[in-house]
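Coordinate analysis (summary)
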Amino acid sequence: MNLIVNPTGQAFWNNTSYRCALGRGGVSPRKEEGDGITPAGMFELRRVFFRPDRVKAPPTSLPVTALRPTDGWCDHPEHKSYNEHVMLPFDGHHETLWRDDYIYDLIVVVGHNDQPVVRGKGSAVFIHIAAPNYRETEGCIAFSKTHLLQILDQWSTGSKLEIRPYCTNGG
């Protein structure tokens, strides 16, 4: 069973439709660093990070790690740690994963541009909690906390994330 995401912000999982937020640049198979595009394609989910002072570890078949205030993600294309989890302080440009808002209270790492990493082809593509009114992301996919927890709970080892650059009527 795959999680199918359409460019309209509608996702299908386990015979259920969910609303989601996508990148401000739309959906495309051509992803570049900083373009705000959600990458189209078929991806594995690598792991889940959760903020332990705000949420419990979610039940899921994916590896689960508690976030720390020193967790970051390198988004500097010329750095040797590009598109990797890093510890702060860090000498390259990065995203801080421990945020004041709640959108990174649950982070699912999408296996985009990681095997192998190609410099400049996009980093820090996550599934996370949606901002109010499902505001556009910087290239990630965002669900309500409730829906993200449901998806993680039902995720199986054979499941994939399928981000489609065109619309369909479900999975």
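Parameters at a glance
Residues numbered from 1 in each chain as written. Predicted model: local features only at pLDDT ≥ 70, side-chain atom pairs only at ≥ 80, totals over all residues. Heavy atoms only, no water. Phe/Tyr/Trp six-rings, centres within 6.5 Å; stacked < 30°, edge-to-face > 60°. Helix = DSSP H or I, 4+ residues; strand = E, 2+ residues; numbered from the N terminus. Buried < 20%, exposed > 50% of the residue type's maximum accessible area, 1.4 Å probe, protein only. Pairing = 2+ DSSP bridges. Axes fitted to C-alpha atoms, helices over the stretch in contact; angles between N-to-C directions.

Examining the packing of aromatic side chains
- Counted under the stated rule, the structure contains 4 aromatic pairs.
- Seen from their ring centres, Trp-13 and Trp-155 are 5.1 Å apart, and the 15 degrees between their planes marks the pair as stacked. Separated by 142 residues along the polypeptide, Trp-13 in strand β2 (residues 10-13) and Trp-155 in the loop between α1 (145-154) and β15 (161-163) bring together distant segments of the chain. Residue Trp-13 shares its accessibility class with Trp-155, and that shared class is buried.
- Their ring planes at 85 degrees and their centres at 5.2 Å tell us that Trp-73 and Phe-126 sit as a pair that is edge-to-face.

A short note on the sheet that holds strand β11 (residues 94-96)
- Strand order across the open sheet formed by 3 strands is β10-β9-β11, with antiparallel pairing between neighbours. Each having just a single partner strand, β10 (85-87) and β11 make up the two edges of the open sheet. Averaged over all pairs of adjacent strands, the angle between strand axes in this sheet comes to 40 degrees, irrespective of strand direction.
- With 3 bridges connecting them, strand β9 (residues 71-74) and β11 associate as antiparallel partners.

Some words on the sheet that holds β2
- Taking strand neighbours across the sheet as the criterion, the 5 strands line up as β3-β2-β1-β15-β6 in an open arrangement whose pairing is mixed. The sheet is open, and its two edges are formed by β3 (16-19) and β6 (41-43), each paired on a single side. Within this sheet the neighbouring strands show an average axis-to-axis angle of 20 degrees, counted without direction.
- Looking at chain direction, β6 and β15 are connected through 3 bridges and run antiparallel.

Side note on the pairing of strand β13 (residues 126-129)
- As defined by bridge partners, strand β12 (residues 106-110) adjoins β13 across 3 bridges and the pair is classed as antiparallel. Looking at β13, one finds that Ile-107 is bridged to His-128.

Some remarks on unusual backbone geometry
- In the segment running from Leu-88 into Pro-89, the intervening peptide bond is cis, with an omega of 0 degrees.
- As for its position among the elements, Pro-89 is in the loop between β10 and β11.
- Cis geometry marks the peptide bond from Gln-115 to Pro-116; its omega dihedral reads 0 degrees.
- With respect to the helices, strands and loops of the structure, Pro-116 is situated in the loop between β12 and β13.
- The residue Asn-83 is not glycine, and still its phi comes out positive at about 60 degrees.
- For Asn-83, a relative accessible area of 7% puts it in the buried group.
- Residue Asn-133 is not a glycine yet carries a positive backbone phi of 60 degrees.
- If you trace the backbone, Asn-133 turns up in the loop between β13 and β14 (141-143).

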